[in-house]
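As a plain string of letters, each chain reads:
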Amino acid sequence: MLNIFRYLKRSWRAVAAVLALLVLQASCDLTLPQYTSDLVDVGIQQSGVAHAAPEEMRASTYDDLMVFLTKEAQAEVSQAYARTESGTYTLSSQGRKDWARLDELLSMPLIVLSQVEGSAETDMASVHAMLDAGLLTHEQLLGYLAAAQSQMAGMTGSMLQQRAIQRTQAEYTALGRDLGEMQVQYLLSTGAKMLGITLVMVAASVLVGLLASRVSARVGMELRGQLFQRVVSFGSEEMDRFSTASLITRSTNDIQQIQMVVVMLLRIVLYAPILGIGGVFRVTRTNTGMAWIIGVAVGAILLLVAFLMVVAMPKFKKMQILIDRLNLVSREILTGLPVIRAFSRESHEEERFDQANRDLMRTQLFTNRAMTFMMPMMMLIMNAITVAIVWFGGHGVDAGTMQVGDMMAFITYTMQIVMSFLMISMVSIMLPRAGVSAGRINEVLHTEPAIRDRARTKDGQHTEWKGEITFDNVSFRYPDADADVLEHISFTAKPGQTTAIIGSTGSGKSTLINLIPRFFDVSYGKITLDGVDIRDLSLHKLHELLGYVPQKGVLFSGSIESNLKFGGEHITDQDIAQAADIAQATEFIQSKPEGYQTPIAQGGTNVSGGQKQRLSIARAIAKHPKVFLFDDSFSALDYKTDAALRRALGEQIKDATTIIVAQRISTILHAGQIIVLDEGTVAGIGTHEELMKTCATYQEIARSQLSERELGGIAQ
């Protein structure tokens, strides 16, 4: 989860806006239950009379209430009411501001006044008469008020206020007011307020969804960019460690998981605590005595979520690995489809794919069943809570200690609290998988390439680079290998000279040439370019000086022109035309109706192997490098094209250093220097004629490829 929060750093403004909108949405959501309670308690049961303290009352009622108030309370009430010309008392503007305080002061006096007025033994006229005659003191009346208040101690504040409002309703009726009209007006005004609050809540929710989606999309875009940038900097060692299939999964499926969770995080995970805490705060103000029900419900939900997390978490980790496996199998089958068909192995590969598919399906079914199990349990808990509230709340309503509206509000707040935990628990099923995905993404992002630029480079060592490559006692072994693949290799490839590397299969030819562009770094010794250790050059500068043609021609989707100009923007149309001519590709390019604009499919699948190879060679020539590296790049060419291409190379790029890895001796007969490798060591260095005399390994290769006449009478 911490990793996911780190991804949100750059979008902190949007996150802050989302948080503010969520607070607004939660405030609206938490306000509605109170309005619902007021509709029932005030609008229906109290005929729209919301306050115990009358807005207007008769002078006799005013005088009667005063006898049940302390001197301090009398002073407050007298300041809140003003006498009108008609003789009634009306709330002043200041009194309306302190209406809640007046409700508190006048609720018990109104209840006692109602009891006295309903008594057959006495009335308020008798009370005033006894006060005037000294038969009854003001303190005795206050004591009677306190006794009545202690008898009603079990009632909630709203119940006491409701009983007081009954006397206020009688006062309004006596003044000639229409309670029915008051009720309709209250219901309409409260309904309008609820509608307005709902619209604000909807608007906040829509804006949160919009911002969350934008933040999620931005996080996904940035992660894909960072991941791609890191992968592009990887060398062969890191690519072998992660595998292409796994990197594709991390760039697509894992980032998609992060995006989904970011949306859920901003819309639900942040909202749920705000709603839950607000709901708890509101519940504590209802004074229903049923808060223990919420504690039991939350405890049950937390136990359920913890159980599911313990059971499901390992499966989420396994799921991502199985997705990697499925992608790997799919990629192998699709890439090797021609070979599979040639060997009639379709059924075997189908079984292999089916096995990987079923393994993933079983794991997904397990996690989905865990989710399916959670929902009924959550609903069971919610329904049990509702039944408990109705049961205990019903007893309170029956006993007269709780109003129906209070019970309804408590149910709503409790459901909001439980729903907040339910939302978190639902998202918690996704969070472990997203956490695994974030870990896998960070594993790539935090992997430093073994081959990278040094802090200080020597790119400016020469203003004019010649391209002289020197191997100085170079040895190399692959990571985690037990033995060297190349041992003590020393030679110099000079500009204007063709250096050929030949040897039996597995002798280390391709490995040797791959050390020059630093696909791997040497284990011992050093390789220099014009006297500068290539490790002291930036990778950009080194590759700028090299023209590399891999053993297997690689083309990119686009056109022939875009592929030939792949080496940089400085390459002109004249450059690619000249390069295509040297690579013997002009004829087949011009035979295409669209010429250099001919589309190239992904991987170059719409051109032949020889054409692909010639375009790869032309691509390297077009950038005018100082050093050409041909890794067995002529193997797909026929002898005639091979000879013509080598002749053109010798004529057109005389000043460049050319290093050729070859399987055929005919390709390197006229090389200025031939290096013979045998099991990773140099078996001989020289020209063809020199090696035919001095190198037994070269002689064996020559005898296997050349006729007696071509061998030139070498002694048998």
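Above this text sits the structure in question.
Residues numbered from 1 in each chain as written. Predicted model: local features only at pLDDT ≥ 70, side-chain atom pairs only at ≥ 80, totals over all residues. Heavy atoms only, no water.

*Asks:* Mind showing me how you'd approach a nonpolar patch on the surface here?
*Replies:* A surface patch of nonpolar side chains, about 460 Å² in accessible area, is lined by Phe307, Val310, Val311, Phe366 and Phe373. For the nonpolar patch, the secondary-structure elements that each account for two or more residues are α14 (291-335) and α16 (346-399). At three residues, α14 tops the list of elements feeding residues into the nonpolar patch. As for its position among the elements, Phe373 is in helix α16. On the basis of relative accessibility, which here comes to 40%, the residue Phe373 falls in the partly exposed class. (Patch = residues over 30% accessible without salt bridge, like charges linked within 9 Å, V, L, I, M, F, W, Y side chains within 5 Å. Areas by Shrake-Rupley, 256 points an atom, 1.4 Å probe, with all protein chains shown as cover. Salt bridge = Lys/Arg side-chain N within 4 Å of Asp/Glu carboxyl O. Helix = DSSP H or I, 4+ residues; strand = E, 2+ residues; numbered from the N terminus. Buried < 20%, exposed > 50% of the residue type's maximum accessible area, 1.4 Å probe, protein only.)

*Asks:* I would appreciate a short explanation of the sheet that holds strand β14 (residues 673-678) in the present structure.
*Replies:* Paired through their backbone hydrogen bonds, the strands of a sheet run either parallel or antiparallel. Across the sheet, six strands lie side by side as β9-β12-β13-β6-β14-β15; this open sheet has mixed pairing. Looking at the sheet topology across the chains shown, the edges are occupied by β9 (546-549) and β15 (681-686). Taken over all neighbouring pairs, the strand axes of this sheet differ in orientation by 15° on average, direction set aside. Of the pairings in the sheet, the one linking β9 to strand β12 (residues 627-631) comprises four bridges and is parallel in character. Considered in β12, the bridge of Leu546 is made with Val627. (Pairing = 2+ DSSP bridges. Axes fitted to C-alpha atoms, helices over the stretch in contact; angles between N-to-C directions.)

*Asks:* How do you make sense of the packing of helix α2 (residues 12-45) against helix α10 (residues 179-232) when you look at a structure like this?
*Replies:* A pair of packed helices can be characterised by two numbers: the angle between their axes and the separation between those axes. Two numbers describe how α2 lies on α10: the axes approach to 8 Å, and their chain directions differ by 160°. Judged by the inter-axis angle, α2 sits roughly antiparallel to α10. The handedness of the crossing between α2 and α10 is left-handed. (Parallel < 35°, antiparallel > 145°, perpendicular 65-115°, else oblique. Left-handed = near helix turned anticlockwise from the far one by under 90°.)

*Asks:* Explain the pattern of salt bridges here, please?
*Replies:* This structure, assessed with the given rule, holds 26 salt bridges. Among the ionic pairs, Glu443 bridges to Arg250, the shortest N-O distance being 3.1 Å. Note that Glu443 is positioned in helix α17 (residues 404-445) and Arg250 in helix α12 (residues 244-269), a separation of 193 residues in sequence. Among the residues examined, Arg250 registers a relative accessible area of 7% and is labelled buried. The partner of Asp254 in a salt bridge is Arg440, and the shortest N-O contact between them spans 2.7 Å. One end of the pair, Asp254, is in helix α12; the other, Arg440, is in helix α17, and 186 residues separate them in sequence. Of the two residues examined, Asp254 and Arg440, each falls in the buried class.

*Asks:* What am I meant to see in the layout of surface pockets here?
*Replies:* Taking a probe equal in size to a water molecule and rolling it over the atoms shows the remaining empty space. Taken as a whole, the largest pocket holds about 1,700 Å³ of empty space. Phe519, Tyr548, Pro550, Val554 and Phe556 are the residues nearest the centre of the largest pocket, which is lined by 32 residues in total. Counting residues per element, the ones that place at least two in the lining of the largest pocket are α11 (236-242), α19 (539-545), β9 and α23 (609-622). By residue class, the composition of the lining of the largest pocket is 15 nonpolar, twelve polar and five charged. (1 Å grid on protein atoms, 1.4 Å probe; cavity = no way out; pocket = protein on both sides within 12 Å on 5 of 7 lines; lining within 4 Å. Points joined across faces, edges and corners; volume = space filled by probe spheres on them. Nonpolar A, V, L, I, M, F, W, Y, C, P; charged D, E, K, R; others polar.)

*Asks:* Honestly, the packing of α2 against helix α13 (residues 271-284) in this entry has me stumped. Any pointers?
*Replies:* Their axes nearest at 9 Å, the elements α2 and α13 cross at an angle of 35°. The way α2 lies across α13 gives a crossing that is right-handed. Of the residues in α13, those in contact with Leu19, Leu22, Val23, Gln25, Ala26, Asp29, Leu30, Thr31 and Gln34 of α2 are Tyr271, Ile274, Leu275, Gly278, Gly279 and Arg282. Among the residues making up the contact of α2 with α13, the classes are represented as eight nonpolar, five polar and two charged. (Contact = heavy atoms within 4.5 Å.)

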